Amino acid sequence: MLPPPSLLLLASLAAAASRPGCLLARGPAATCVEMQLQACSDVAYNQTTFPTLLEHRSREAVESSSEYILLSVLHHLLEGQCNPDLRLLGCAVLAPRCEGGRVRRPCRHVCDGLREACQPAFDAIDMAWPYFLDCRRYFASVEQGCYDPLEKLREGLDAEEAPPSGLPPTFIRFAHHSYAQMVRVLRRTAARCPHVAKTYSIGRSFNGKELLVIEFSARPGQHELMEPEVKLIGNIHGNEVAGREMLIYLAQYLCSEYLLGSPRIQRLLNTTRIHLLPSMNPDGYEVAAAEGAGYNGWTSGRQNAQNLDLNRNFPDLTSEYYRLAESRGVRSDHIPIPQHYWWGKVAPETKAIMKWMRTTPFVLSASLHGGDLVVSYPFDFSKHPQEEKMFSPTPDEKMFKLLARAYADVHPMMMDRSENRCGGNFLKRGSVINGADWYSFTGGMSDFNYLHSNCFEITVELGCVKFPPEEALYTLWQHNKEPLLNFVEMVHRGIKGVVMDKFGKPVKNARILVKGIRHDITTAPDGDYWRLLPPGSHIVIAQAPGYSKVIKKVTIPARMRRAGRVDFILQPLGAGPKKFLLGPRRSGSGLQDPPGGASPYGEPEELGQEPLEGRRQPTADGSKPWWWSYFTSLSHHKPRWLLRY
């Protein structure tokens, strides 16, 4: 069902126009009038003109049009995707910019970019791209003097924010950062260290805020052969803000220490690609920050703008794992996302993380939370769903404990022996606990990382105060700086290498198996892999469809701090049977791409998007999409241009 806000908006569609208007020839002059359209109140200009490019001759005509109503509800139809970008783009056509007695057209390249990014969202609900967003028809080139209709989104974010007078550029301001301040700090940091740092967006929140990442590596923006990738994510719950600030500080620290010549940091950035996402839930943070530190409730701002708990919004693959684990000869790793998952409400922030995971071969990850002082690791969902607390280990239990210990053992408060302190109830466990043994829940991000990809993720609870006062932030940084660095360095434990054929060509999606650990990892497109392993002797097997498997014995010394290099050269199979373990929902031998252009993991080829008609099913007769009845039930004027067929 549509969310209630969109039902209210759709109810106002009493007599919507359904015939596309013709392009109005641009005259020598136009009469500029004040912008009074509520859905377009946040555009970067304040005057428009009539008639519009769609031949609407008054504000009332625009507001009663199907085009305007579509813009008003698109936010909800697409469940936050491409918001507010598409609405601002549409406003540039429905209420054209007027200045100096002339109309200015929006830029064609902005429209082209949005169409490429947002077309899959329309495909997912079986809706045609709106005719009035035709990039060739209603938009202009830079040479023709166009303007960027999305300039308001960047307003205040690109401006430099100089450090306080008299302080060096390495100065870190230990304070809470608003969204705009966070963006400025991250961009300023990347500008100070352009050779090792870069910012990029993985998507937008439901309310349209960029999910901004800063990455550090010797070659920012590209994956290097055998360079492991690590991600650290903060603020998945909007009111748990310590992790957000720790990652903002960490970004500045890495840049400054690299420039100052710190051997440790230079070695780390030259051998590792580190991605920091300080705020996964910027909308929730705004709610929590409005109450302020010390006044924030335990749950106020926890959810995103759709009232979804993002750490309960990922696909439940753990239940499927428990089912598969009972069968021999069936893979229980890289479990595909079930089709029914997309029929529910999936947050744009969740989709952004899943798309990010598919485009980057992450090896290690941590999600930073607040509310206690402990490090937990998968599984977070109990093997027996009725058990609220039950030890539920993964096949990589030993490695996960090492990863958790790498953080907890160098955290001064986690090692404090007082039982009366925050997190004192975990003292006997060494401030480390299996997630399901603490409390069981489904739909968590850490379980999803482990079961859907090659990535091992832990959860770090940074303290009992979810929104600490500013005076506590410096101490929090001092407590967590070394644990964060120590944890990131753990990505170099175990083995790494390249799988290639006899001609030296990389073999992607080859499987790396470790005897006694029923969890395989796969090679990246360049044939490189990373397998986190505890010290000891291991039998490692590499295999891929069409090749004979190769078996090697490796020994990892206890004090080894650098991943051992173990390459595999696979020989093509001759005649005879080809035997490979079957994965879930796979038929035939080996790892085959599902039909229809899907990825090997069962999602559609379009990154981060659900299958066509997957989220919402068409009407019973299959002739019209699910949303069509909301338009047609309110008026006999039918906007058929929304239909794809």
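Residues numbered from 1 in each chain as written. Predicted model: local features only at pLDDT ≥ 70, side-chain atom pairs only at ≥ 80, totals over all residues. Heavy atoms only, no water.

Observations regarding the overall build of the protein chain
The helix and strand tally for the protein chain stands at 17 helices and 20 strands. The buried share of the protein chain, reckoned over its 645 residues, is 56%. By sequence separation, contacts in the protein chain at least 24 residues apart represent 76% of the contacts at least 6 residues apart. Roughly 26600 Å² of accessible area belongs to the protein chain as shown, and the carbon and sulfur atoms make up 52% of that amount. (Helix = DSSP H or I, 4+ residues; strand = E, 2+ residues; numbered from the N terminus. Buried < 20%, exposed > 50% of the residue type's maximum accessible area, 1.4 Å probe, protein only. Contact = heavy atoms within 4.5 Å. Areas by Shrake-Rupley, 256 points an atom, 1.4 Å probe, with all protein chains shown as cover.)

Observations regarding the sheet that holds strand S7 (residues 229–234)
Strand order across the open sheet formed by eight strands is S5-S6-S8-S7-S9-S12-S10-S11, with mixed pairing between neighbours. Two strands lie at the open edges of the sheet, namely strand S5 (197–204) and strand S11 (432–434), each paired on one side alone. Strand-to-strand twist across the sheet, computed as the mean angle between neighbouring axes with direction ignored, equals 25°. Across six bridges, S7 lies against strand S9 (residues 362–369) in parallel orientation. Bridge assignment links Lys-231 to a residue of S9, and that residue is Ser-365. Here helix H8 (residues 242–259) sits on the sheet in contact with strand S6 (210–216), S7, strand S8 (273–277), S9 and strand S12 (456–463), set at roughly 135° to S7. (Pairing = 2+ DSSP bridges. Axes fitted to C-alpha atoms, helices over the stretch in contact; angles between N-to-C directions.)

Overview of the state of the cysteines
In this structure the tally under the stated criterion is six disulfides. Between the sulfur atoms of Cys-422 and its disulfide partner Cys-464 the distance amounts to 2.0 Å. Between Cys-422 and Cys-464, the disulfide has an S-S torsion of 95° and is therefore right-handed. Residue Cys-422 is found in the loop between helix H13 (397–408) and S11, and its partner Cys-464 is found in the loop between S12 and helix H16 (473–489); the two are separated by 42 residues along the sequence. Residue Cys-464 is classed as partly exposed on the basis of its relative accessible area of 32%. (Disulfide = S-S within 2.5 Å.)

Quick word on the confidence of the model for the protein chain
Considering every residue of the protein chain, the mean pLDDT works out to 85; 84% of them sit at 70 or more. This stretch, residues 1–28, has a pLDDT under 50; its non-local contacts, to residues over four places away or in other chains, come to 66 contacts. Confidence drops under a pLDDT of 50 for residues 575–621, and excluding neighbours within four residues, the segment shows 117 contacts in the predicted structure. (pLDDT = per-residue confidence, 0-100.)

So, the pairing of S6
Here S6 lies mainly inside the structure; six of its seven residues are buried. Connecting the antiparallel pair S5 and S6 is a turn made up of five residues, with Gly-208 showing a positive phi of about 95°. Relative to S8, S6 is paired through three bridges, and the arrangement is antiparallel. Counted as the bridge partner of Ile-214 is Leu-276 from S8.

Here we look at the sheet that holds strand S15 (residues 517–522)
The strand order across the open sheet built from four strands is S15-S14-S17-S18, with neighbouring strands paired in antiparallel fashion. Looking at the sheet topology across the chains shown, the edges are occupied by S15 and strand S18 (550–556). Direction aside, the axes of adjacent strands within the sheet are offset by 25° on average. Of the pairings in the sheet, the one linking strand S14 (residues 511–514) to S15 comprises three bridges and is antiparallel in character. Residue pairing in the sheet places Arg-511 in a bridge with Thr-522 of S15.

Quick word on the UniProt feature "active site" (unreviewed entry) in the protein chain
UniProt annotation of "active site" (unreviewed entry) refers to Glu-461 when read in the numbering used here. Other than its neighbours up to four places away in sequence, Glu-461 contacts His-369, Gly-370, Gly-371, Asp-372, Leu-373, Val-374, Met-414 and Trp-438. A polar contact is formed between the side chain of Glu-461 and the backbone nitrogen of Gly-370, at a distance of 3.4 Å. (UniProt positions renumbered as here; feature names shortened; annotations may be inferred. Polar contact = N/O pair within 3.5 Å; in protein donor to acceptor, adjacent residues only side chain to side chain.)

Structural notes on unusual backbone geometry
The phi torsion of most residues other than glycine is negative, and most of the peptide bonds are trans. In this chain, Phe-50 is followed by Pro-51 through a cis amide linkage whose omega measures -5°. By the secondary structure assignment, Pro-51 is in the loop between strand S2 (47–48) and helix H2 (59–63). Residue Phe-379 is reached from Pro-378 by a cis peptide bond, and omega for that bond is 5°. Along the chain, the position of Phe-379 falls in the loop between strand S10 (372–377) and H13.

Looking at the nonpolar core
In terms of nonpolar packing, the biggest core is built from 96 residues, with Leu-232, Ile-353 and Leu-403 touching the most fellow members. Taken together, domain 2 (179–492) and domain 3 (495–572) each give at least three residues to this core, which thus spans both. When sequence neighbours within four positions are dropped, the list of residues in contact with Leu-232 reads Leu-247, Leu-250, His-275, Leu-276, Leu-277, Ala-366, Leu-484, Phe-487 and Val-488. In this structure, Tyr-68, Val-73, Cys-135 and Leu-643 belong to the second largest nonpolar core, which totals 53 residues. (Core = buried A, V, L, I, M, F, W, Y, C linked by side-chain atoms within 4.5 Å. Domains from an automatic or database assignment.)

Focus on the packing of aromatic side chains
Within the structure shown, the criterion is met by 25 aromatic pairs. Consider the rings of Tyr-131 and Phe-132, whose centres lie 5.7 Å apart with planes at 85°: the pair is edge-to-face. Phe-132 carries the same exposure label as Tyr-131, and that label is buried. Seen in terms of ring centroids, Phe-426 and Trp-438 are 5.3 Å apart; in terms of plane orientation they differ by 85°. Their pairing is edge-to-face. Taken as a pair, Phe-426 in the loop between H13 and S11 and Trp-438 in helix H14 (residues 435–438) lie far apart in primary sequence, twelve residues in all. Put simply, the rings of Tyr-321, Tyr-322, Tyr-377, Phe-379, Phe-400, Tyr-450 and Phe-456 pair up and form one aromatic cluster. (Phe/Tyr/Trp six-rings, centres within 6.5 Å; stacked < 30°, edge-to-face > 60°.)

Quick look at the packing of H8 against H16
In contact at an axis separation of 10 Å, H8 and H16 are set at 65° when each is read in the N-to-C sense. It follows from the interaxial angle that H8 and H16 lie roughly perpendicular. Relative to H16, the crossing made by H8 is right-handed. Taken together, the residues of H16 that come into contact with H8 (itself represented by Ala-242, Glu-245, Met-246, Tyr-249, Leu-250, Tyr-253 and Leu-254) are Leu-473, Leu-476, Trp-477, Asn-480, Lys-481, Leu-484 and Leu-485. The class makeup of the residues in the contact of H8 with H16 is eleven nonpolar, one polar and two charged. (Parallel < 35°, antiparallel > 145°, perpendicular 65-115°, else oblique. Left-handed = near helix turned anticlockwise from the far one by under 90°. Nonpolar A, V, L, I, M, F, W, Y, C, P; charged D, E, K, R; others polar.)

Quick word on the pattern of salt bridges
The full count for this structure, using the stated rule, is 28 salt bridges. A salt bridge links Glu-240 to Lys-466, with the shortest nitrogen-to-oxygen separation between them at 3.2 Å. Taken together, the residues span a long stretch of sequence, with Glu-240 in the loop between S7 and H8 and Lys-466 in the loop between S12 and H16 at a distance of 226 residues. You'll find Glu-240 and Lys-466 in the same group, each marked buried. In this structure, a network of salt bridges that share partners links the residues Arg-97, Glu-99, Arg-104 and Glu-151. (Salt bridge = Lys/Arg side-chain N within 4 Å of Asp/Glu carboxyl O.)

As for the side chain of His-369
You can see His-369 is positioned in strand S9. With near-sequence residues (within four places) excluded, His-369 lies in contact with Ile-236, His-237, Glu-240, Asn-311, Thr-459, Val-460, Glu-461 and Leu-462.

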